Amino acid sequence: MGNSTSRLYSVLAKTLSSGAVSQHQDCLEQLDSAQLDPIDPKDLLEECQIVLQKRPPRFQRNFVSLKKNTASNHRPIRVMQWNILAQALGEGKDNFIQCPMEALKWEERKCLILEEILAYKPDILCLQEVDHYFDTFEPLLSRLGYQCTFFPKPWSPCLDVERNNGPDGCAMFFLKERFELVSSANIRLTAMKLKTNQVAIAQTLKCHETGRLFCIAVTHLKARTGWERFRSAQGCDLLQNLKNITQGAKIPLIVCGDFNAEPTEEVYREFSNSSLNLNSAYKLLSPDGQSEPPYTTWKIRPSGECRHTLDYIWYSQHALNVNSALGLLTEEQIGPNRLPSFNYPSDHLSLVCDFSFNQDPDRLL
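Computed from a prediction, not measured in an experiment: that's the story for all the values here.

(A) Seen up close, the sheet that holds strand E7 (residues 194-207). The six strands are arranged E6-E7-E8-E9-E13-E10 in an open sheet whose pairing can be described as mixed. Here the strands that pair on one side only, and so sit at the sheet edges, are strand E6 (179-191) and strand E10 (278-280). Ignoring strand direction, the axes of neighbouring strands in this sheet form an average angle of 20°. Taken together, the seven bridges between E7 and strand E8 (residues 213-220) define a ladder with antiparallel strand orientation. Across the sheet, Ala200 pairs through a bridge with Thr219, a residue of E8. Sheet contacts for helix H7 (residues 228-245): E6, E7, E8, strand E9 (253-258) and E10; angle to E6, the most-contacted strand, approximately 150°.

(B) How the structure looks around the environment of Phe150. Relative to the helices and strands, Phe150 resides in strand E4 (residues 146-152). Spatially, the C-alpha atom of Phe150 lies 5.9 Å from that of Cys170, the residues being 20 residues apart in sequence.

(C) Representation of the pattern of salt bridges in the model. Tallied over the full model, the rule gives 18 salt bridges. With a shortest N-O distance of 3.2 Å, Arg61 and Glu116 are connected by a salt bridge. Here the residue Arg61 occupies a position in the loop between helix H3 (41-51) and strand E1 (63-65), and Glu116 occupies one in helix H5 (residues 106-120), the gap between them amounting to 55 residues. On the basis of relative accessibility, which here comes to 6%, the residue Arg61 falls in the buried class. A salt bridge links Arg78 to Asp354; the shortest N-O distance between them is 2.7 Å. A residue pair is termed long-range when its members are at least 10 positions apart, and Arg78 in strand E2 (residues 77-83) and Asp354 in strand E15 (residues 351-357) qualify at 276 residues. Its relative accessible area of 19% is what places Arg78 among the buried residues. We classify Asp354 as buried; its relative accessible area is 8%. Residues participating in the shared-partner salt-bridge network are Arg75, Asp123, Arg178 and Glu209.

(D) Examining the packing of aromatic side chains more closely. Counting across every chain of the model gives 19 aromatic pairs. Arranged with centres 5.8 Å apart and planes meeting at 85°, the rings of Phe134 and Phe150 form a pair that is edge-to-face. Here Phe150 lies in strand E4 and Phe134 lies in helix H6 (residues 133-143), a separation of 16 residues in the sequence. Take Phe134 and Phe150: they sit in the same class, and that class is buried. Here the aromatic rings of Tyr268 and Trp314 are separated by 5.0 Å at their centres, their planes lie at 55°, and the arrangement is tilted. One end of the pair, Tyr268, is in helix H8 (residues 266-272); the other, Trp314, is in strand E13 (residues 311-316), with 46 residues separating them in the sequence. For the pair Tyr268 and Trp314, one class covers both residues: buried. Connected via pairs of aromatic rings, a cluster forms that spans Phe259, Tyr268, Phe271, Tyr312 and Trp314. Here the basic side chain of Arg188 rests over the ring of Trp155, its NZ or CZ set 4.9 Å away from the ring centre. Its end group placed over the ring of Trp298, Arg307 keeps NZ or CZ at 4.9 Å from the ring centre.

(E) Up close: the pairing of strand E3 (residues 124-130). Most of E3 sits inside the fold, with seven of its seven residues counted as buried. Relative to E3, E2 runs parallel, the two sharing five bridges. When the sheet's bridge partners are listed, Val79 is paired in E3 with Ile124. In this structure, E3 lies alongside strand E5 (residues 169-175), joined through five bridges in antiparallel fashion. Bridging across to E5, Cys126 finds its partner in Met172.

(F) Just the sheet that holds E15, in detail. Taken together, seven strands build an open sheet; the order of strands is E1-E14-E15-E2-E3-E5-E4 and the sheet is mixed. Strands with a single pairing partner mark the edges of an open sheet, and in this sheet they are E1 and E4. Taking the axes of each pair of neighbouring strands and ignoring which way they run, one obtains an average angle of 20° across the sheet. Contacts between H5 and the sheet are confined to E1, E2, E3, strand E14 (320-326) and E15, with E2 contributing the most and set at about 160° to the helix. Here H6 sits on the sheet in contact with E3, E4 and E5, set at roughly 160° to E4.

(G) How the structure looks around the packing of H3 against H5. Relative orientation of the contacting elements H3 and H5 amounts to 140°, with a least axis distance of 9 Å. The angle between H3 and H5 places the two elements in the oblique class. Judged by the twist between their axes, the crossing of H3 over H5 is left-handed. For the pair H3 and H5, the contacting residues are Pro41, Leu44, Leu45, Cys48, Gln49 and Val51 in the first and Glu107, Glu108, Cys111, Leu114, Glu115 and Leu118 in the second. Its residues assigned to classes, the contact of H3 with H5 comprises eight nonpolar, one polar and three charged.

(H) Main features of the side chain of Ser324. If you trace the backbone, Ser324 turns up in strand E14. With a relative accessible area of 10%, Ser324 lands in the buried category. At 2.9 Å, the side chain of Ser324 and the side chain of Asp354 are in polar contact. Residue contacts for Ser324: discarding those within four places in its chain leaves Phe63, Val64, Ser65, Leu66, Val352, Cys353 and Asp354.

Conventions and cut-offs
Every chain is numbered independently, its residues counted from 1 as its sequence is written. Totals for whole chains, interfaces and linings use every residue, but because this is a predicted model, local features are given only for residues with pLDDT of at least 70 and side-chain atom pairs only at 80 or more, for both listing and counting. Hydrogens and waters are ignored; side-chain quantities use all the structure's heavy atoms. For two strands to pair, DSSP has to find at least two bridges joining them. For the purposes of this entry, the term helix denotes a DSSP run of H or I that reaches at least four residues, the term strand denotes a run of E that reaches at least two, and both are numbered from the N terminus. An axis is simply a line fitted to the C-alpha atoms; with a helix, the fit covers only the stretch in contact. Between two such axes, the angle follows the N-to-C directions and lies from 0 to 180 degrees. Here, two residues are considered to be in contact whenever any of their heavy atoms come within 4.5 Å of each other. When a carboxyl oxygen of Asp or Glu lies within 4 Å of a side-chain nitrogen of Lys or Arg, that pair is called a salt bridge. Under the scheme applied here, a residue whose accessible area is under 20% of the maximum for its type counts as buried, over 50% as exposed, and between as partly exposed, the area being computed with a 1.4 Å probe on protein chains only. Two aromatic rings from Phe, Tyr or Trp, using only the six-membered ring of Trp, form a pair when their centres are within 6.5 Å; if the ring planes differ by under 30 degrees the pair is stacked, by over 60 it is edge-to-face, and anything between is tilted. Note on geometry: a ring has a charge over it if NZ (lysine) or CZ (arginine) is within 6 Å of the ring centre and within 35 degrees of the ring normal. By the definition adopted for this analysis, an angle is roughly parallel if under 35 degrees, roughly antiparallel if over 145, roughly perpendicular if from 65 to 115, and oblique otherwise. Less than a right angle of anticlockwise turn of the near helix away from the far helix marks a crossing as left-handed, whereas a clockwise turn marks it as right-handed. Classification convention: Asp, Glu, Lys, Arg as charged; Ala, Val, Leu, Ile, Met, Phe, Trp, Tyr, Cys, Pro as nonpolar; all other residues, Gly among them, as polar. Whenever two N or O atoms come within 3.5 Å, that pair is a polar contact, provided that in protein one can donate a hydrogen and the other can accept it, and provided that, for residues adjacent in sequence, both atoms are side-chain atoms.

Such coordinate-based values are descriptive only and should not be taken to indicate function.
Below, the structure is given as structure tokens:
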């Protein structure tokens with residue numbers, strides 16, 4: 001294993017204790033000035049596996065082929081969506097009563113997160129609840145060839161936790177060897193004409209291989225029961241922003257997010273019925289192609305057991321095809337204590353899809 005990888009990872013193993021973002025940025029600058037060379041993902045994966053050697057092996061999940069009889073002349077674009085669980089919330093606020101605190105230790109949990117990302121090798125990675133961006137994800141993923149963007153929540157609940165690592169927010173990463181950034185927008189979502197605590201990132205990328213433009217967005221809507229109308233308003237605001245960015249669906253669109261909304265909610269219907277002609281990729285795993293998975297998050301809190309479908313990958317069905325999607329964990333794999341656990345680092349499951357461009361991009365919506 002390369003010494004540069006080991007040196008970087010040993011530095012990152014010492015999680016920062018300060019909550020000030022400026023101090024995180026100072027640390028990032030120090031790491032960048034000392035370690036600018038790229039790292040081999042195999043080396044980093046080996047580092048993670050050494051740290052995790054006393055934990056159970058990672059769950060086996062398989063891709064389900066969804067490709068119709070449509071030929072594609074380019075490599076598929078792999079997109080990964082994941083609410084990774086903010087460290088401050090996992091340890092300090094979420095109260096997962098069946099999850100041992102030992103399973104939430106950042107030194108090991110971050111390796112589980114990285115192992116999952118390295119296993120699926122996404123071309124584009126969309127994350128929510130990122131509160132270790134500056135000291136972990138940006139320095140590592142940038143050296144794996146990703147261009148990185150982070151947009152924190154204005155009033156992150158992580159800041160209420162003692163010894164926090166700064167605010168959580170949305171983060172987006174794309175491989176520079178595959179895409180060129182054309183434009184980027186950080187969006188603070190509004191509801192009832194008021195700015196809210198929820199955010200989104202929307203980036204227009206150009207695919208080097210095909211020359212095609214597309215927009216990728218990541219968001220995390222307001223949580224909790226009783227906030228359905230609020231989420232609906234946030235969704236409408238996001239859709240309007242995306243209509244402007246995609247020139248009314250002329251540019252293909254992929255939207256990843258933890259919507260904190262079941263398919264029965266109004267915000268889900270707004271995305272389903274939008275003029276952007278969006279479909280939810282994970283519906284395609286169902287026998288009829290019309291039903292969402294039974295769950296994307298499963299946890300136990302003092303109030304009881306929570307099993308919900310809240311996470312989605314939406315896509316322009318007129319311009320993009322879903323070639324395959326990563327199957328979800330089974331109830332047996334998740335186990336009676338649910339998530340997170342020693343086996344799995346978050347209370348949300350990662351979603352991964354392979355997309356290809358439709359070969360008739362000019363066909364009508």
